[in-house]
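Next come the chains, spelled out residue by residue.
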Amino acid sequence: MNAVTEEICRTRMVQNGDGRPTKLFPYAVSKEEGQVLYDLVRKTGAKKTLEIGFCYGLSSLFICQAHKDKGSGQHTVLDPWEKTKWESIGLLNIERAGLQEYLRFYEAPSHEALPQLLAQNEKFDFIFIDGVHLFDYTLVEFFYADKLLNPGGYLALDDLWMPSIRKTLSFILSNRHYRPAPDFHGAPYPLSRQCLRLARALLFGPLEARGLCHLFGQARYNYRILEKTADDDWQELDKKWTHYKPF
């Protein structure tokens, strides 16, 4: 971990170009979660990575540092509000850490940038979805991310506390060729706490509880990492056009 990332994690603050401090929470991964992203890129040897949603750039700092430490790699980020709402703080942090050569930035929304990357025949080894978080947007982001992700690559969905993200996760695990990657999930919550979470979900109905079942016995981190086991072109896989599993 570089000195800039260490300072941000220690203070939980970032600074804009004028030096004005801004609270990091709730717009960033934790230090432990960032370390998992770093470990994933290093251990899998991911050459090209993609992040949807940039904000203050903390997760990108971990990923770009992993590329630097393994000697090569490129991290692509998409965020239409980086230079407005987020005051370019993410870009500034990457520059302050000396990691700009590993970053490629697109100032565009995901539903515009992702089709462009697909049209350019881009492929990635790890994709981190942390965008708008509405269900329809997240599902569209996954649709394109799946086409951009190499088989054997990894996909992460952030902010599992949101029902919209858990619903997307449920769709993926029920209908597409992905499996959990437990090596990158850390230690799970105690069983008692997981049962309490499931009981609370039941108050919102069986569908919400079903979404939490995919997380039962899994890690306490706020994202879920999946491994893509195969491409999912229904024509190539002889999948019936009527295929559908409830999620």
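Everything in this summary refers to the structure shown in the same document.

What counts, and where the lines are drawn
- Residues numbered from 1 in each chain as written.
- Predicted model: local features only at pLDDT ≥ 70, side-chain atom pairs only at ≥ 80, totals over all residues.
- Heavy atoms only, no water.
- Phe/Tyr/Trp six-rings, centres within 6.5 Å; stacked < 30°, edge-to-face > 60°.
- Helix = DSSP H or I, 4+ residues; strand = E, 2+ residues; numbered from the N terminus.
- Buried < 20%, exposed > 50% of the residue type's maximum accessible area, 1.4 Å probe, protein only.
- Lys NZ or Arg CZ within 6 Å of the ring centre and 35° of its normal.
- Pairing = 2+ DSSP bridges.
- Right-handed = clockwise from strand over helix to strand, strands pointing away.
- Core = buried A, V, L, I, M, F, W, Y, C linked by side-chain atoms within 4.5 Å.
- Contact = heavy atoms within 4.5 Å.

**Overview of the packing of aromatic side chains**
Centre distance and the angle of the planes are the two values used to describe a pair of aromatic rings.
(1) Moving on: Taken as a whole, this structure holds 10 aromatic pairs when the rule is applied.
(2) Moving on: Pairing F171 with F247 gives two aromatic rings, centres 5.3 Å apart and planes at 70°, and the pair type is edge-to-face. Here the residue F171 occupies a position in helix 7 (residues 163-175), and F247 occupies one in the segment after strand 9 (223-228), the gap between them amounting to 76 residues.
(3) Moving on: Using a relative accessible area of 16% as the deciding quantity, one classes F171 as buried.
(4) Moving on: The ring of F124 has K48 lying over it, and the distance from NZ or CZ to the ring centre is 5.1 Å.

**Examining unusual backbone geometry**
(1) Moving on: The peptide bond linking F25 to P26 adopts the cis configuration, its omega dihedral lying at 5°.
(2) Moving on: Locating P26 in the fold gives a position in the loop between strand 2 (21-23) and helix 2 (31-44).
(3) Moving on: With phi around 55°, R12 is a residue other than glycine that occupies positive phi space.
(4) Moving on: Using a relative accessible area of 28% as the deciding quantity, one classes R12 as partly exposed.
(5) Moving on: Although it is not a glycine, S88 adopts a positive phi angle of roughly 60°.
(6) Moving on: Along the chain, S88 turns up in the loop between strand 4 (74-78) and helix 4 (89-96).

**A short note on the pairing of strand 5 (residues 103-106)**
(1) Moving on: With four bridges connecting them, strand 4 and strand 5 associate as parallel partners. Each bridged residue has a counterpart across the sheet, and for L78 the counterpart in strand 5 is Y106.
(2) Moving on: Read from strand 4 through helix 4 to strand 5, the crossover connection turns out right-handed.

**Digging into the nonpolar core**
(1) Moving on: Grouped together as the largest cluster of nonpolar side chains are 37 residues, with contacts concentrated most on L58, F126 and I225.
(2) Moving on: Mapped onto this core, the elements with two or more residues apiece are helix 1 (3-11), helix 2, helix 3 (58-70), helix 4, strand 6 (124-129), strand 7 (149-158) and strand 9.
(3) Moving on: For this core, the element with the highest residue contribution is helix 3, accounting for six residues.
(4) Moving on: Each residue touching L58, except ones within four places of it in the same chain, is listed here: T5, I8, C9, R12, L24, A28 and V29.
(5) Moving on: Among the nonpolar cores identified, the runner-up in size contains 24 residues, and L50, F124, L160 and I172 belong to it.

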